[in-house]
Amino acid sequence: MPAKEDILIIKNLSDFEKKINRDNRPYDINMMVMPGTLQDKHKDVDPEKGIQALRRQFNLIYILEGGVHDVYLGAEYRWLKPNDLVIVPENIVYASKNVHSCRGYCMHFKTEFIQPLLNRSLAEEFAYLDMEAEHIINITDEEAELVKQCFRDIIKEYERFSPEKDFLLRNYIHILLLRIREIYRPHAKTIQESNTRSMKIANQFKRLVEKHFIEMREVTQYAEQLHITAGYLSEVVKNNTGKSPREIINDVLLLEAKVLLGSTSLTVTEIAHRLNFGDQAHFSHFLKQHTGCSPLQLRKKL
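We now turn to the structure provided with this report. (Residues numbered from 1 in each chain as written. Predicted model: local features only at pLDDT ≥ 70, side-chain atom pairs only at ≥ 80, totals over all residues. Heavy atoms only, no water.)

### Here's the deal with the packing of aromatic side chains
So, step 1. Taken as a whole and judged by the stated rule, the model has eight aromatic pairs.
So, step 2. With 6.5 Å between their ring centres and 75° between their planes, Y77 and W79 make a pair best called edge-to-face.
So, step 3. On the basis of relative accessible area, Y77 is assigned to the partly exposed category, the value being 31%.
So, step 4. Taking relative accessible area as the criterion, W79 reaches 47% and is therefore assigned partly exposed.
So, step 5. Taken together, a centroid distance of 5.8 Å and an interplanar angle of 45° make the contact between F126 and Y128 tilted. For the pair F126 and Y128, one class covers both residues: buried.
So, step 6. By the ring-pair criterion, three or more aromatic residues cluster together here, those being Y72, Y77 and W79.
So, step 7. Above the plane of the ring of F277 lies R217, whose end atom (NZ or CZ) is 4.9 Å from the centre. (Phe/Tyr/Trp six-rings, centres within 6.5 Å; stacked < 30°, edge-to-face > 60°. Buried < 20%, exposed > 50% of the residue type's maximum accessible area, 1.4 Å probe, protein only. Lys NZ or Arg CZ within 6 Å of the ring centre and 35° of its normal.)

### Notes on the pattern of salt bridges
So, step 1. Tallying each qualifying case throughout the model produces 17 salt bridges.
So, step 2. Across the pair E125 and R120 runs a salt bridge whose closest N-O atoms are separated by 3.8 Å.
So, step 3. A residue is classified by how much of its surface remains accessible, and E125, at 14% relative accessible area, is buried.
So, step 4. Of the residues examined, R120 reaches a relative accessible area of 44% and is grouped as partly exposed.
So, step 5. Each of E76, R78, E134 and K206 takes part in salt bridges that share partners, so that together they form one network. (Salt bridge = Lys/Arg side-chain N within 4 Å of Asp/Glu carboxyl O.)

### Some remarks on empty space enclosed by the protein
Regions of empty space are outlined by a rolling probe, equal in size to a water molecule, passed over the atoms.
So, step 1. Throughout the structure, instances matching the rule amount to two cavities of 30 Å³ or more.
So, step 2. Volume-wise, the largest cavity comes out at about 100 Å³.
So, step 3. Forming the walls of the largest cavity are 13 residues, and the residues nearest its centre are F16, H42, I51, L60 and H108.
So, step 4. Mapped onto the lining of the largest cavity, the elements with two or more residues apiece are α2 (38-41), β3 (59-73) and β7 (99-109).
So, step 5. It is β3 that provides the largest number of residues to the lining of the largest cavity, a total of three residues.
So, step 6. The residue inventory of the lining of the largest cavity, partitioned by class, reads seven nonpolar, four polar and two charged.
So, step 7. Estimated volume of the second largest cavity: approximately 80 Å³.
So, step 8. Taken together, L73, E76, R78, I92, M131, E134, H135, I136, R207 and E210 make up the full set of residues lining the second largest cavity.
So, step 9. Secondary structure elements with two or more residues in the lining of the second largest cavity: β4 (76-79) and α7 (197-212).
So, step 10. A class-by-class count of the residues in the lining of the second largest cavity yields four nonpolar, one polar and five charged. (1 Å grid on protein atoms, 1.4 Å probe; cavity = no way out; pocket = protein on both sides within 12 Å on 5 of 7 lines; lining within 4 Å. Points joined across faces, edges and corners; volume = space filled by probe spheres on them. Helix = DSSP H or I, 4+ residues; strand = E, 2+ residues; numbered from the N terminus. Nonpolar A, V, L, I, M, F, W, Y, C, P; charged D, E, K, R; others polar.)

Given below as structure tokens:
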């Protein structure tokens, strides 16, 4: 099996701007923060490909004001609505097939940039950046305006020249994170309280799939982890997500396959091995079944 380092994670903001946003302006490879508007960042995104499946070694936060935007976030798939606040922690798989006419604000930032202001890890200080948190919440107009003002302050400071720029930006970002925490807590509590037992089981299942999809492919394995029958798990997941457990496992597996095909130079055999397929033929059959493409055809499309 190839070393973990062989998987290309987008490590710097400069590469992201060039590869995903198709922005060829020169950027510092050591850049730690990149704020902007969705209008600007998405204006050159490939309309056929959207935002391909990828992992980033930096965090993303954005708020959607309007436009067409769907998102794959780990095992979640969602069509976004106006005032959706989206939080994407570093290293989570993310993709979007449909990105059109979007309006809003966004910011990428590296954890190490904000860490000097914190007494604990980023996820401990701001629970919404934990991998298992709820990462999309719909907020009120009043809350959205508070968040957007924070983004506007960050963008304004980012565009200014100042010898204190890093210090000021770090503090403006800290204010945004605190503001989101203030807004997030009651929304997360409401979501938690409104979740029925079956919804909680479905969410637990999705979190388990995100962690174990490579070594655990059978629905019965997840049912055992949750101490319920496979039949009950299938019923609960289907009722709450519209998909069967098998479909969700395959969705996450396919998303990871696209990350490896689209973002690495690993051979098809190496990718099949990494994703725990018995051989290349089984991997090719899986892709053909779910995309209509061979691995090499899919790699060209990505």
